[in-house]
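Survey of secondary and tertiary structure
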Amino acid sequence: MDLPMLTEEEWALVAPHLTNGIEQIKRYREQHGCSLAEAHKAFGQKALAIYAQITGFDETNANALFHHRLSIYGPPCHACGKPLRTPQAKYCAMCSAERTPSLEATQ
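Residues numbered from 1 in each chain as written. Predicted model: local features only at pLDDT ≥ 70, side-chain atom pairs only at ≥ 80, totals over all residues. Heavy atoms only, no water.

A closer look at the overall build of the chain
The test is simple: Secondary structure counts use DSSP, requiring at least four H or I residues in a row for a helix and at least two E residues in a row for a strand, with both numbered from the N terminus. Our radius of gyration looks at C-alpha atoms and nothing else; its globule reference is 2.2 Å times the residue count to the power 0.38. Only protein chains enter the accessibility calculation, which uses a 1.4 Å probe; a residue is then buried when its area is under 20% of its type maximum, exposed when over 50%, and partly exposed in between.
Looking only at helices and strands, the chain has five helices and zero strands in total. Starting at the N terminus and ending at the C terminus, the chain contains elements arranged as α-α-α-α-α. Over its C-alpha trace the chain gives a radius of gyration of 18 Å, far above what one expects of a compact globule, namely 13 Å for 107 residues. Seen through its principal axes, the chain has C-alpha atoms that stretch 60 × 25 × 25 Å. In the chain, which comprises 107 residues, the share counted as buried stands at 24%.

Section: helix H2 (residues 21–32)
Stated precisely, the cut-off is as follows: Here a helix's expected span is defined as the number of its residues, less one, multiplied by 1.5 Å.
Over its 12 residues, H2 extends 16 Å from the first C-alpha to the last, a length consistent with the 16 Å expected when each residue adds 1.5 Å. Positioned one or two residues after H2, Gly 33 has a phi angle of 55°, which is positive.

Details of the environment of Pro 87
Which entries qualify depends on this criterion: Note on contacts: a residue pair is in contact if any heavy atoms of the two residues lie within 4.5 Å.
By the secondary structure assignment, Pro 87 is in the loop between helix H4 (45–55) and helix H5 (103–106). Here Pro 87 is in contact with Ser 71, Ile 72, Tyr 73, Gly 74 and Arg 99, once residues within four sequence places are set aside.

Some details on the side chain of His 68
Rule in force here: We define a polar contact as two N or O atoms separated by no more than 3.5 Å, with the added condition that, inside protein, one atom must be a possible hydrogen donor and the other a possible acceptor, whereas residues neighbouring each other in sequence contribute only through side-chain atom pairs.
Here His 68 lies in the loop between H4 and H5. For His 68, a relative accessible area of 4% gives the class buried. A polar side-chain atom of His 68 sits 2.9 Å from a polar atom in the side chain of Glu 59. Look past the residues within four positions of His 68 in its chain and what remains in contact with it is Leu 3, Pro 4, Met 5, Leu 6, Tyr 51 and Glu 59.

Points about the side chain of Glu 59
Cut-off, in case you're wondering: None of His or the chain ends enter the tally, which takes Lys and Arg as positive and Asp and Glu as negative. Each salt bridge in this description consists of a side-chain nitrogen of Lys or Arg and a carboxyl oxygen of Asp or Glu lying within 4 Å of one another.
With respect to the helices, strands and loops of the structure, Glu 59 is situated in the loop between H4 and H5. Buried charge Glu 59 goes without a salt bridge, the closest partner of opposite sign being Lys 82 at 15 Å. A distance of 3.2 Å separates the side chain of Glu 59 from the backbone nitrogen of Asn 61, its partner in a polar contact. Glu 59 has contacts with Leu 48, Tyr 51, Ala 64, Leu 65 and His 68, leaving out every residue within four places of it along the chain.

If you want it as structure tokens, here you go:
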């Protein structure tokens, strides 16, 4: 599934609401006197709201946001256009095309 990805500037707006997840959940439980399951559902709601505001996509899993960051992927594949799985990937996991040398390497 194609999902909206975050630039580093956008990630900087989302990330602070995802850090220290265990501490956030503990604090939520203390403040609301609720179960661990309820506190876990509340985790990341602010981050999800910011992501939706930026992208227009209604993600429901705060942990998935860690995978919606452009910088953790490589450039788009020259053959299929999907992002390479990592910046160091030597071939495309979607279509198996070999990565072409970047223009920077030839200069």
